[in-house]
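Here is what each chain is made of, one letter per residue.
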Amino acid sequence: MFSTWSLALVTSFPTCLAVVPPRPDTMTAPALPPALLPRIALGDEAAFNECVRRYGRLVYAIARRYLREASDVEDACQEIFLALWRSAGAFDEARGTEATFIALVARRRLSDRQRTPGTRPLPNVDAEPAVASSALERYVDARAAAAALSACNEEQKRVIMMAAFQGLTHDEISKELAIPLGTVKSHYARGIDRVKRALIQGEAKS
Amino acid sequence: MKYDDDELAEAAILLAHEDVSQDMPPALQEQILAQASAAAAEVRFTTTKGAAVVVEEPLEEPTPRRSVVRTWGGWFAAAACVAFAVYHWRVHTLEPSTTTAAARPSASAASPREIALEAASGGRIGSVRWDAASSTWVVAVGGLGRTAEDEHYRVWLSSTDAEHATAVGSFSCSGDCGERTFSIGSDVSVDSVRRVWVTRGPRIDPVSAPLAGRIVAEGSVEPPP
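Cut-offs used in this document
Here the residue index of a chain counts from 1 through its sequence in written order. For naming, the first written chain is A and the first written ligand is 1, with later ones following in the order written. The predicted origin of the model limits local features to residues at a pLDDT of at least 70 and limits the giving and counting of side-chain atom pairs to 80 or more, whereas totals for whole chains, interfaces and linings rest on all residues. Computation of side-chain values covers all heavy atoms of the structure but excludes hydrogens and water. A helix here means a DSSP run of H or I that spans at least four residues, while a strand means a run of E at least two residues long, and both kinds are numbered starting from the N terminus. Whether two residues are in contact is decided by their heavy atoms: any pair within 4.5 Å suffices. Residue exposure ignores everything except the shown protein chains as possible cover, and the areas themselves are Shrake-Rupley values with a 1.4 Å probe. The rule is simple: take the accessible area with a 1.4 Å probe, protein chains only, and divide by the maximum for that residue type; under 20% is buried, over 50% is exposed, in between is partly exposed. Among buried residues, the Ala, Val, Leu, Ile, Met, Phe, Trp, Tyr and Cys ones that are joined through side-chain atoms within 4.5 Å form a nonpolar core. Any Phe, Tyr or Trp ring, taking Trp's six-membered ring, that has another such ring centre within 6.5 Å forms a pair; planes under 30 degrees apart are called stacked, those over 60 apart edge-to-face, and the others tilted. A cavity, in this analysis, means grid points on a 1 Å lattice covering only the protein atoms where a 1.4 Å probe fits yet has no way out; a pocket is instead an open set bounded by protein on both sides within 12 Å along at least five of seven lines, and a residue lines either one if it has an atom within 4 Å of a point. Grid points are joined across faces, edges and corners, and a volume is the space filled by probe spheres set on the points. Buried area: the accessible surface (1.4 Å probe) lost by two parts on joining, summed over both. In the sections that follow, a salt bridge refers to a side-chain nitrogen of Lys or Arg positioned within 4 Å of a carboxyl oxygen of Asp or Glu. Residues adjacent in sequence count toward polar contacts only when both atoms are side-chain atoms; beyond that, a polar contact is any pair of N or O atoms within 3.5 Å, and within protein one must be able to donate a hydrogen and the other to accept it. When residue character is reported, Ala, Val, Leu, Ile, Met, Phe, Trp, Tyr, Cys and Pro are called nonpolar, Asp, Glu, Lys and Arg charged, and the others, Gly included, polar. Every axis in this analysis is a line fitted to C-alpha atoms, fitted for helices over the stretch in contact. Angles between the N-to-C directions lie between 0 and 180 degrees. Should the near helix be turned anticlockwise from the far one by less than a right angle, the crossing is left-handed, and should it be turned clockwise, the crossing is right-handed. When an angle is under 35 degrees it counts as roughly parallel; over 145 it counts as roughly antiparallel; between 65 and 115 it counts as roughly perpendicular; any other value is oblique.

Caption draft 1: Spotlight on the overall build of chain A. Along chain A, the regular secondary structure elements total nine helices and zero strands. Along chain A, helices (α) and strands (β) appear in the sequence α-α-α-α-α-α-α-α-α when read from the amino end. The contacts in chain A between residues at least 6 apart in sequence include a share of 64% that link residues at least 24 apart. Approximately 11,300 Å² of chain A is accessible, and the part contributed by carbon and sulfur atoms is 55%.

Caption draft 2: Region of the structure containing the overall build of chain B. On a plain count of helices and strands, chain B comes out with four helices and eight strands. Its helices and strands taken in sequence order, chain B reads α-α-α-α-β-β-β-β-β-β-β-β from the N to the C terminus. Of all 225 residues assigned to chain B, the portion counted as buried reaches 33%. Contacts in chain B between residues far apart in sequence, at least 24 positions, make up 59% of those at least 6 positions apart. For chain B, the exposed surface amounts to about 14,400 Å²; the carbon and sulfur share of it is 55%.

Caption draft 3: Region of interest: the nonpolar core. In this structure, Ile40, Cys77 and Phe81 of chain A together with Ile13 of chain B are the most contacted members of the largest nonpolar core, which totals 72 residues. The element contributing the most residues to this core is helix H3 (residues 45-66) of chain A, with 11 residues. The residues contacting Ile40 of chain A, other than those within four sequence positions of it, are Ala47, Phe48, Cys51, Leu84, Trp85 and Ala88 of chain A. Counting 21 residues, the second-largest nonpolar core is a separate cluster that includes Ala119, Ile125, Val128 and Val168 of chain B.

Caption draft 4: A look at the packing of aromatic side chains. Applying the stated criterion across every chain yields a total of five aromatic pairs over all chains. Connected via pairs of aromatic rings, a cluster forms that spans Phe48, Phe81 and Trp85 of chain A.

Caption draft 5: Representation of the layout of surface pockets in the model. Of the voids in this model, the largest pocket is the one considered here, and its volume is about 330 Å³. Those elements that provide at least two residues to the lining of the largest pocket are H3, helix H5 (98-113) and helix H9 (181-201) of chain A together with helix H1 (5-16) of chain B. For the lining of the largest pocket, the element with the highest residue contribution is H9 of chain A, accounting for three residues.

Caption draft 6: How the structure looks around the interface of chain A and chain B. The interface is formed by 58 residues belonging to chain A together with 38 residues belonging to chain B. Carbon and sulfur atoms supply 64% of the area buried between chain A and chain B, which totals about 4,700 Å² over both sides. Inspection of the region where chain A meets chain B yields five salt bridges. Asp5 of chain B is the salt-bridge partner of Arg95 of chain A, the closest N and O atoms lying 3.1 Å from each other. Here chain A and chain B share 12 residue pairs in polar contact (both at pLDDT 80 or more) between them. At 14 residues, H3 of chain A tops the list of elements feeding residues into the side of chain A that touches chain B. A class-by-class count of the residues in the side of chain A that touches chain B yields 38 nonpolar, seven polar and 13 charged.

Caption draft 7: How the structure looks around the packing of helix H4 (residues 70-87) of chain A against helix H2 (residues 26-34) of chain B. Relative to each other, H4 of chain A and H2 of chain B sit at 35 degrees, their axes nearing to 10 Å. Along this stretch, H4 of chain A crosses H2 of chain B, giving a crossing that reads as right-handed. Along the contact surface, H4 of chain A presents Glu74, Cys77, Gln78 and Phe81 of chain A, while H2 of chain B presents Leu28, Gln31 and Ile32 of chain B. By residue class, the composition of the contact of H4 of chain A with H2 of chain B is four nonpolar, two polar and one charged.

Caption draft 8: Expanded view of unusual backbone geometry. Even without a glycine there, the phi angle at Ala178 of chain A is positive, about 60 degrees. Ala178 of chain A sits in the exposed class, given a relative accessible area of 68%.

Caption draft 9: Region of the structure containing the packing of H3 of chain A against H5 of chain A. Residues and elements named next belong to chain A. The N-to-C vectors of H3 and H5 enclose an angle of 40 degrees; their axes lie 10 Å apart at closest approach. Here H3 lies oblique to H5, going by the angle between them. For the pair H3 and H5, the sense of crossing is right-handed. Mapping the contact onto sequence places Cys51, Arg54, Tyr55, Leu58, Val59, Ile62, Ala63 and Tyr66 in H3 and Glu98, Ala99, Ile102, Ala103, Ala106, Arg107, Leu110 and Ser111 in H5. Taken together, the residues of the contact of H3 with H5 sort by class into 12 nonpolar, one polar and three charged.

That is the geometry; function is a separate question.
Structure (structure tokens):
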């Protein structure tokens, strides 16, 4: 009997090892992929092609948030990548990740196309951010920003989300929420400062 | 392109809430990749919108024909001005006496400066002398009688005798002449003058014969040794 249990234990041990998931703290974080924008700034077509494949989903998602018509979305995507060609030299790796910069360029181009700002629906601030759940290192800024925003109070969250997603000015937010302009500026400054520190340090501060 | 940290933070927040699970349509991706070459060329070779610069062969500019008048006429005009200025300077500054047809007589050191005039009735009545400063004969006479309206006194000079006398000027006296001094321009060389006459007779111009009229006074000078 002992030999049978021993035999079962010995033969199952490798299987147990295989099914036990490794501890998260033993995982080694994959390194950030080499930035493509500096090569694109030099006219590297191969780097641009790789950029389209790597961030095509991101640009497409942002364009669909701003625009409804499929043809407009496609035109906007082409314009965004053309704008990346021209502004690739402005990317500063010390200030943020490539994905955040591309999101910034896309947001600017789409804000120019948007004739009626403030019409886009706000995402649910309490819901888990989609990118935040991604394990991709290229979205490390996004995860840090999401964590910092979740640490803000409701008023700060709402003001920052209206500015970030709907492109509203402080004055427009003040009128929309029927609160004083000074209060809006105060909420925004405190909340965005928390996010900026999180981007620099790479973790949310409570 | 410039951006601040606030805009970057907003972009990170936007990024955090995007659903990146959906792929870009393949046709759209292909279309974006297809325009990569054109976009690369536009970024590399131009800083402004527009077509690429086309270098053309530089046109050979035709050599302009040079006008002879414009190139040499000015030199000719300048040379003419210079020549005229030199001529004017030489004529009026260096040799003022060259304006007359004949050379003015110039007195040498040995030539007589003054010739005394003796009246026919006797006694000195004046003199004829050469004034080098004005290059004229200065006649000084006195005591001659009044002349009629159709007559006058004439001065004659000669280097030899009366047949070769040359009239050098004339004057008249409405009353007693008294002391009179006047200048007479003449081309007769002062160096050759030996004899002087003063005649009185009718006004005849030009003079047809030497010493026409009545001799009222005369003078002579010895030739230089």
